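The residues making up each chain are set out below.
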Amino acid sequence: MAQTSLPLHEKKELIVRHLQEVLGDDKLTEILKERDVKVYWGTATTGKPHIAYFVPMSKIADFLKAGCHVTILLADLHAYLDNMKAPWELLELRTKYYEAVIKAMLESINVPLNKLNFVKGTDYQLDKKYTLDVYRLTSVVTEHDAKKAGAEVVKQVDHPLLSGLLYPGLQALDEEYLDVDAQFGGVDQRKIFTFAEKYMPALGYRKRIHLMNPMVPGLTGSKMSSSEEDSKIDLLDDSAAVKRKLKKAFCEPGNIENNGLLAFVKHVIYSVYGEFEILRKEEFGGNIVYKNFHDLEKDFAEEKVHPGDLKNSLQSALDKLLDPIRTKFQSPELKELTAKAYPKPVKAKAKKGGGGSGDQANQIDETKIAGRLDMRVGKIISAKMHPDATSLYLEEIDFGEESGPRTVISGLAGLVPLESLKDRLVIGLCNLKPQKMRGIESNAMLLCSSKTTDEVRSVEPLDPPNGSQVGDRIYVDGLNDVKPDERLNPKRKIWEKVQADLKVSSDGQALWKDFALMSLKGRVSSATLRDANIS
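The structure contained in this document is the topic of the report that follows. (Residues numbered from 1 in each chain as written. Predicted model: local features only at pLDDT ≥ 70, side-chain atom pairs only at ≥ 80, totals over all residues. Heavy atoms only, no water.)

## Observations regarding the overall build of the chain
Right, on to step 1. Looking only at helices and strands, the chain features 16 helices and 23 strands.
Right, on to step 2. Burial statistics for the chain: of 535 residues in total, 51% are counted as buried.
Right, on to step 3. Accessible area for the chain stands at about 25900 Å²; split by element, carbon and sulfur atoms hold 50% of it. (Helix = DSSP H or I, 4+ residues; strand = E, 2+ residues; numbered from the N terminus. Buried < 20%, exposed > 50% of the residue type's maximum accessible area, 1.4 Å probe, protein only. Areas by Shrake-Rupley, 256 points an atom, 1.4 Å probe, with all protein chains shown as cover.)

In structure tokens:
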């Protein structure tokens, strides 16, 4: 097997750059001394691929530049086994769609397809030898280890199907049957990778190298997901849709933590183009080209780059990436394939007299969704600068709980005077999943009104009703009988859906749609801001 002419250190640098972790680094070096590395990346053919797929595509481009032999596994059987995310009758169509759209993505970033090998899982995973190995594996793997291995990848339910427990074993066996040296995936695959390292030798097969990409947050700050419309941009979205979704994307001034826009620029735009241009009016400094991501991140953290300019610039870069894909999928054949692989859901008609199926009962009642927020009056006991961030405050807020005050981190530095927060009554959202921000866990969100006028952003905490006491519940008028969730499920995006309709009226009243935010003491308000957003 011929080697690429690049020096060994350059090949290895291309292979490992931007990765979060490598298991088997010494083995990688040993193989590179003798020959080029064989790598595979697999993707379960479930929901429609979105722009986050450019992250692994950019790494695949690096592998090819380093002379690696790359196999892309279209894991159709895995897609079915993962809690039947892809119906059996749609597997063939979705596999064809994935191959077509992945090829279009690679072409859009100038990756030559002749160096790639596409393999469909069911082409070998139903063979006798592979099936016997699955049975051999089940004789040595415990239920505990199988469930643990798939915890970050396979959909978790109270009573899991046996299919989900088989999933990690099949992915481990793929390494042997695809005859590769290394498997590439996101760091969310780590437990499956360590599972493979433990159990493949038990079948007489060698350990493989495991290359892990960091997880890139979605537009709302969480992992991009095919099932969460607000968190992703589809590869076939038109320019107007891209602009609309970017406009809604979470991008707080100076906040570089969980910033999906900056993460995408780092892992895709710089990998593909080697630079990123911020587009802005001459009066605000004009266009500026950043040759490295560190300088861009530094300027954003220091608020020299405005979120609006970052969004507009990223839209331009995304359109450049997506235009070739959009054009290719205008063909009648690919339009038909898309429609058949992902048919539009048919809305079920409601039965007279109420009731409905179990699935309907589990759906979010959109008319009462705001009642699921646990909003309470709190008192700020202390407030200081975050020790590791110039744009964040660190607060201790008493919400009247026996467990004591909660630690809350808010991006108010430079927007709200620190001294104005001490002993102030505020409103907190208390049932979000705790989130670490620069190493410190925040256990609630301080609700504020905000408004941008002439590129100047104004922010102020919402004011509880007069006479409020610590711990008073804040609710949407008419929804005081709805019990808040103990904790909002991040995957359901309850907060994001409610937040889109939170606002401050022209007379300073806090509203959800046209309903007041209030307590038994009266209405919530904003002291000075009018016609503002609430977040």
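## What about unusual backbone geometry?
Right, on to step 1. Phi is positive for E303, close to 60°, though the residue is something other than glycine.
Right, on to step 2. Position of E303 among the secondary structure elements: in the loop between α12 (293-301) and α13 (307-328).
Right, on to step 3. With phi around 55°, K493 is a residue other than glycine that occupies positive phi space.
Right, on to step 4. You can call K493 buried: its relative accessible area is 4%.

## Some words on the sheet that holds strand β4 (residues 116-120)
Right, on to step 1. Taken together, six strands build an open sheet; the order of strands is β1-β6-β5-β2-β3-β4 and the sheet is mixed. Only two strands of the sheet have a single neighbouring strand rather than two, namely β1 (21-23) and β4. Between one strand axis and the next, the sheet turns through 25° on average, direction left out of account.
Right, on to step 2. The pairing of strand β2 (residues 38-44) with strand β3 (residues 69-75) spans seven bridges and is parallel. Considered in β3, the bridge of A44 is made with A75.
Right, on to step 3. Contacting β1, β5 (182-186) and β6 (209-213), helix α9 (residues 190-199) runs over the sheet at an angle of about 175° to β6. (Pairing = 2+ DSSP bridges. Axes fitted to C-alpha atoms, helices over the stretch in contact; angles between N-to-C directions. Contact = heavy atoms within 4.5 Å.)

## So, the nonpolar core
Right, on to step 1. The biggest cluster of nonpolar side chains holds 74 residues, and the ones touching the most others in it are F54, I60, I102, F276 and L296.
Right, on to step 2. In this view, I60 contacts W41, V70, I72, L106 and L116; residues no more than four positions away in its chain are not counted. (Core = buried A, V, L, I, M, F, W, Y, C linked by side-chain atoms within 4.5 Å.)

## Some details on the environment of A151
Right, on to step 1. For A151, the location among the structural elements is in the loop between α7 (143-149) and α8 (162-177).
Right, on to step 2. A151 sits 38 residues away from Q189 along the chain, and the two C-alpha atoms are 9.2 Å apart.

## Focus on the packing of aromatic side chains
Right, on to step 1. Taken as a whole, this structure holds eleven aromatic pairs when the rule is applied.
Right, on to step 2. Ring centres of W41 and Y53 lie 6.4 Å apart, and the angle between their planes is 85°; on these two criteria the pair is classed as edge-to-face. Residue W41 is found in strand β2, and its partner Y53 is found in the loop between β2 and α3 (54-65); the two are separated by twelve residues along the sequence.
Right, on to step 3. Judged by its relative accessible area of 7%, W41 is buried.
Right, on to step 4. Look at Y124 and Y177: their rings are 6.5 Å apart centre to centre, the planes differ by 10°, and that puts the pair in the stacked class. Here Y124 is found in the loop between β4 and α6 (128-138), whereas its partner Y177 is found in helix α8, with 53 residues between them in sequence.
Right, on to step 5. With relative accessibility at 24%, the residue Y177 sits in the partly exposed group.
Right, on to step 6. Across from the ring centre of F118, 5.4 Å away, lies the NZ or CZ of K103, which sits over that ring. (Phe/Tyr/Trp six-rings, centres within 6.5 Å; stacked < 30°, edge-to-face > 60°. Lys NZ or Arg CZ within 6 Å of the ring centre and 35° of its normal.)

## A few points about the packing of helix α1 (residues 8-16) against helix α2 (residues 25-34)
Right, on to step 1. Here α1 crosses α2 at 135°, and the two axes come no closer than 10 Å. Comparing their axes, α2 and α1 come out oblique. When the axes of α1 and α2 are compared, the crossing they make is right-handed. Of the residues in α2, those in contact with L8, K11, K12, I15 and V16 of α1 are D25, L28, T29, L32 and K33.
Right, on to step 2. Classifying every residue of the contact of α1 with α2 gives five nonpolar, one polar and four charged. (Parallel < 35°, antiparallel > 145°, perpendicular 65-115°, else oblique. Left-handed = near helix turned anticlockwise from the far one by under 90°. Nonpolar A, V, L, I, M, F, W, Y, C, P; charged D, E, K, R; others polar.)

## With respect to the side chain of Q171
Right, on to step 1. By secondary structure assignment, the location of Q171 is in helix α8.
Right, on to step 2. Within the structure, the side chain of Q171 is placed 2.8 Å from the side chain of Q183, a separation counted as a polar contact.
Right, on to step 3. Reaching out from Q171, the side chain makes a polar contact with the side chain of Q189 at a distance of 2.6 Å.
Right, on to step 4. Not counting chain neighbours up to four residues away, the residues in contact with Q171 comprise Y40, H78, Q183, Q189, I192 and F193. (Polar contact = N/O pair within 3.5 Å; in protein donor to acceptor, adjacent residues only side chain to side chain.)

## Remarks on the layout of surface pockets
Right, on to step 1. There is about 270 Å³ of room inside the second largest pocket.
Right, on to step 2. Around the second largest pocket, the lining is made up of 16 residues, and of these E303, V305, H306, P307 and E455 lie nearest the centre.
Right, on to step 3. Of all the secondary-structure elements, those providing two or more residues to the lining of the second largest pocket are α13 and β17 (456-461).
Right, on to step 4. Its residues assigned to classes, the lining of the second largest pocket shows seven nonpolar, three polar and six charged. (1 Å grid on protein atoms, 1.4 Å probe; cavity = no way out; pocket = protein on both sides within 12 Å on 5 of 7 lines; lining within 4 Å. Points joined across faces, edges and corners; volume = space filled by probe spheres on them.)

## Let's talk about the packing of helix α11 (residues 260-273) against α13
Right, on to step 1. Two elements in contact, α11 and α13, have axes separated by 11 Å at closest approach and are oriented at 45°. One way to sum up the angle between α11 and α13 is to call them oblique. The crossing of α11 and α13 is left-handed. On α13, the residues touching L261, L262, F264, V265, V268, I269 and Y273 of α11 are L310, K311, L314, A317, L318, K320 and L321.
Right, on to step 2. Its residues placed into classes, the contact of α11 with α13 shows twelve nonpolar, no polar and two charged.

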